[in-house]
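A structural walkthrough
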Amino acid sequence: MFLNGRQFYLASFLIITIAVLWFIGSFERRKPKAREIVVLAVMTSIAVVSRIMFFMIPEMKPSAAIIIITGIMLGRQAGFLCGVLTAFLSDFVFGQGPWTPWQMIAFGLIGLISAALFFEREGLYLNKLLLCVYGFLIVTLLYGFLLDTGTVFMSVDEPTREAFIDAYLAGIVINVIHGFTTALVLWFVALPMIHKLERIKIKYGMYYHLQ
């Protein structure tokens, strides 16, 4: 009666908002050290700038690769927050809208899952080919799936199976391009950035603080 058929979008928006706020709250509750916040801010800035730099080329965005590296080296909370903040801040340039929460949760999950799979697993994340394949798959399947799902909720009042199928099929090419770009960036910058972050963690004793 009051939502005019938009209850599906409202429900999804509330779920995303609660998830984002819960992670931000958990990060603040453990009282992170200043050195953690500085490193996270730098990685988030790199991800935001890398997304903005290629605004003229659709889906050719290196930001997902930076978020993956952040999750791998700084942990679950940092990876999730880097993804959420990257989408939120860069959309001040691209334009804020109902798609922003979907981008925030999609990027955030990429950072979170990357940390869960690779964080502090000695040697595993140094396999460059494995990392590139992983980056391609998670961006193509997870990010693409969530954004295409959001497109359906934002474009139709009553989502149907056919609407979801059409959205997923229409997004295949774009999602593959985004995934390939992520893999390409990981191939060239992942190991140098990982080694730099490793040195920072050792120098400033961050192993006992990151989660």
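Just so it is clear, the structure is predicted and the values come from calculations on it, not from any experiment.

1. Examining the pattern of salt bridges
As enumerated under the stated definition, the model contains one salt bridge in all. With its nearest N and O atoms 3.2 Å apart, the salt bridge here joins Arg51 to Asp91. Of this pair, Arg51 sits in helix H2 (residues 34-53) while Asp91 sits in helix H4 (residues 76-94), and the two are 40 residues apart along the sequence. Owing to a relative accessible area of 7%, Arg51 belongs among the buried residues under this scheme.

2. Observations concerning the confidence of the model for the protein chain
Put simply, the protein chain has an average pLDDT of 85, and 89% of its residues get 70 or more. Put simply, helix H1 (residues 7-29) is where the protein chain has its lowest mean pLDDT, 73, and helix H3 (residues 63-74) is where it has its highest, 94.

3. Here we look at the side chain of Lys61
With respect to the element layout, Lys61 can be found in the loop between H2 and H3. In this structure the side chain of Lys61 is engaged in a polar contact, spanning 3.3 Å, whose partner is the backbone oxygen of Phe54. In this structure, Lys61 is in contact with Arg51, Phe54, Phe55, Phe94, His178, Thr181 and Thr182, ignoring residues within four places of it in sequence.

4. Looking at the packing of H4 against helix H5 (residues 100-118)
The contact between H4 and H5 brings their axes to 7 Å, and the two run at 155°. In terms of axis orientation, H4 runs roughly antiparallel to H5. Two packed elements cross with a definite hand, and for H4 against H5 that hand is right-handed. Across the interface between the two elements, Arg76, Gly79, Phe80, Gly83, Val84, Ala87, Phe88 and Asp91 of H4 pack against Thr100, Gln103, Met104, Ile105, Phe107, Gly108, Leu109, Gly111, Leu112, Ala115 and Ala116 of H5. Class assignment of the residues belonging to the contact of H4 with H5 gives a composition of 11 nonpolar, six polar and two charged.

5. Side note on the packing of aromatic side chains
What the rule picks out here adds up to seven aromatic pairs. For the ring pair Phe107 and Tyr143, a centre distance of 4.7 Å and an interplane angle of 35° mean the geometry is tilted. On the criterion of sequence distance, the pair formed by Phe107 in helix H5 and Tyr143 in helix H6 (residues 128-155) is long-range, its members being 36 residues apart. For the residue pair Phe107 and Tyr143, the accessibility class agrees, reading buried in each case. Residues Phe153 and Phe164 carry aromatic rings whose centres are separated by 5.8 Å and whose planes lie at 80° to one another, so their mutual orientation is edge-to-face. Residue Phe153 is found in helix H6, and its partner Phe164 is found in helix H7 (residues 161-170); the two are separated by 11 residues along the sequence. Overall, the relative accessible area of 15% leaves Phe153 in the buried class. Through successive ring pairs, a cluster of aromatic residues spans Trp102, Phe145, Phe153, Phe164 and Tyr168. Residue placement shows Lys128 over the ring face of Trp187; its charged tip is 4.1 Å from the ring centre.

What counts and how
Residues numbered from 1 in each chain as written. Predicted model: local features only at pLDDT ≥ 70, side-chain atom pairs only at ≥ 80, totals over all residues. Heavy atoms only, no water. Salt bridge = Lys/Arg side-chain N within 4 Å of Asp/Glu carboxyl O. Helix = DSSP H or I, 4+ residues; strand = E, 2+ residues; numbered from the N terminus. Buried < 20%, exposed > 50% of the residue type's maximum accessible area, 1.4 Å probe, protein only. pLDDT = per-residue confidence, 0-100. Polar contact = N/O pair within 3.5 Å; in protein donor to acceptor, adjacent residues only side chain to side chain. Contact = heavy atoms within 4.5 Å. Axes fitted to C-alpha atoms, helices over the stretch in contact; angles between N-to-C directions. Parallel < 35°, antiparallel > 145°, perpendicular 65-115°, else oblique. Left-handed = near helix turned anticlockwise from the far one by under 90°. Nonpolar A, V, L, I, M, F, W, Y, C, P; charged D, E, K, R; others polar. Phe/Tyr/Trp six-rings, centres within 6.5 Å; stacked < 30°, edge-to-face > 60°. Lys NZ or Arg CZ within 6 Å of the ring centre and 35° of its normal.

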